[in-house]
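# Structure assessment
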Amino acid sequence: MKGYVKALIIIALGFAILAPFASTYPDGLEKVAETIGIEEPEPLWKGLMPDYTLQTVENPYVSTLLAGFCGMILVLVLSYALGKAISKSN
Amino acid sequence: MHIPDGYLSLEVSILMSVVSAVFLVWCWRKAKAAYPKSFASVLAVSSAFVFVAQMLNFPIAYGTSGHLVGGTFLSIILGPYAAVLSMTIVLLMQALFFADGGISALGANIFNMAVIGGLSFFLVRLIAGNSVSGKRFALGVFVASWVSVVMGALACGLEIGVSPVFSQAGGIVVTVPAMLFWHVLIGLGEAAITTAFTTQLYRLQPAILNGLTFFKRGAS
């Protein structure tokens with residue numbers, strides 16, 4: 001168990017260090033749409049943290065960092081449950 | 001490569017949802033009972049890693065960026081079937097909470113990234129030829145991760161190209177080459193990161209690479 005916690009801390013730290021350097025350029029698909037002249041339509045569902053930001057946090061770095069940690073926890077919990085479900089029967 | 005709401009026609013959305021659902025059921029059946037108990041922790045940590053890695057865009061060229069998709073990476077750690085399921089969780093969370101990839105495009109996004117990414121494992125195995133270490137393994141990971149991004153971009157280009165929003169602007173004749181152009185480059189980033197991480201993990205922690213057991217088991 002300890003090793004996994006260590007790995008998670010390394011991942012979270014790595015993310016915190018690298019997040020400010022993440023490119024804000026459009027990604028491949030966004031660039032294609034931009035080149036053709038198609039604007040991105042409004043999403044049907046915005047979610048709680050659209051574009052990986054917390055609306056209530058002013059500082060963009062902190063906002064992205066917290067959104068990232070929230071996402072990590074959500075993914076962790078769900079995939080742990082998935083792991084339990086598919087490894088249970090043996 | 002996450003398709004937002006509004007780019008796909010209803011027909012494409014439904015078709016891709018059905019195709020992805022079939023793959024998910026198949027992967028669920030294949031993955032079930034194939035793993036030891038400790039697997040849940042490995043699955044959780046590697047999925048969380050892929051989630052944050054996808055937030056870290058790297059610049060490519062001409063004001064465009066890309067990020068790790070992570071399908072091949074997950075398949076080496078989890079095996080192909082659990083990798084598809086793990087990536088699906090990441091995509092689901094992105095669509096539900098972060099407006100990254102539209103809810104209506106989830107089926108297409110699952111196919112383009114989770115299914116193609118996870119199943120790129122078989123290309124790794126084909127190239128590595130059952131050797132789980134050394135240069136052929138690294139080459140297999142490099143090629144498969146590049147191919148997975150390029151194939152995902154091809155699928156994405158076709159899906160948006162046949163849908164009205166983009167078909168008015170030229171359709172697949174425009175979208176497919178444009179998607180391929182950028183993702184041939186983005187795929188190199190994917191390949192470099194995936195190869196570096198998997199070969200290091202192989203060196204440091206070979207025991208957590210559950211995907212390697214699928215090498216020994218042959219065609220299962």
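Presented here is an overview of the structure given in this document. (Residues numbered from 1 in each chain as written. Chains lettered and ligands numbered in written order. Predicted model: local features only at pLDDT ≥ 70, side-chain atom pairs only at ≥ 80, totals over all residues.)

Looking only at helices and strands, chain B has 10 helices and two strands in total. Secondary structure elements of chain B occur, N-terminal to C-terminal, as α-α-β-β-α-α-α-α-α-α-α-α. For chain B, the C-alpha radius of gyration of 17 Å lies close to 17 Å, the compact-globule estimate for 220 residues. For chain B, the spread of C-alpha atoms along the principal axes amounts to about 50 × 35 × 30 Å. Counting the 220 residues in chain B, one finds 60% classified as buried. The long-range share in chain B, meaning contacts at least 24 apart out of those at least 6 apart in sequence, stands at 74%. (Helix = DSSP H or I, 4+ residues; strand = E, 2+ residues; numbered from the N terminus. Rg over C-alpha atoms; globule rule 2.2 N^0.38 Å. Buried ≥ 20, exposed ≤ 12 C-beta atoms within 10 Å, placed from the backbone. Contact = placed C-beta atoms within 7 Å.)

Counting 94 residues, the largest nonpolar core has A:Val75, B:Ala48, B:Val84 and B:Met87 as the members making the most contacts within it. Per element, the largest residue contribution to this core is 12 residues, and it comes from helix α2 (residues 39–53) of chain B. Ignoring sequence-local partners within four residues, the contact set of B:Ala48 consists of A:Leu8, A:Ile11, A:Met72, A:Val75 and A:Leu76. (Core = buried A, V, L, I, M, F, W, Y, C linked by C-beta atoms within 7 Å.)

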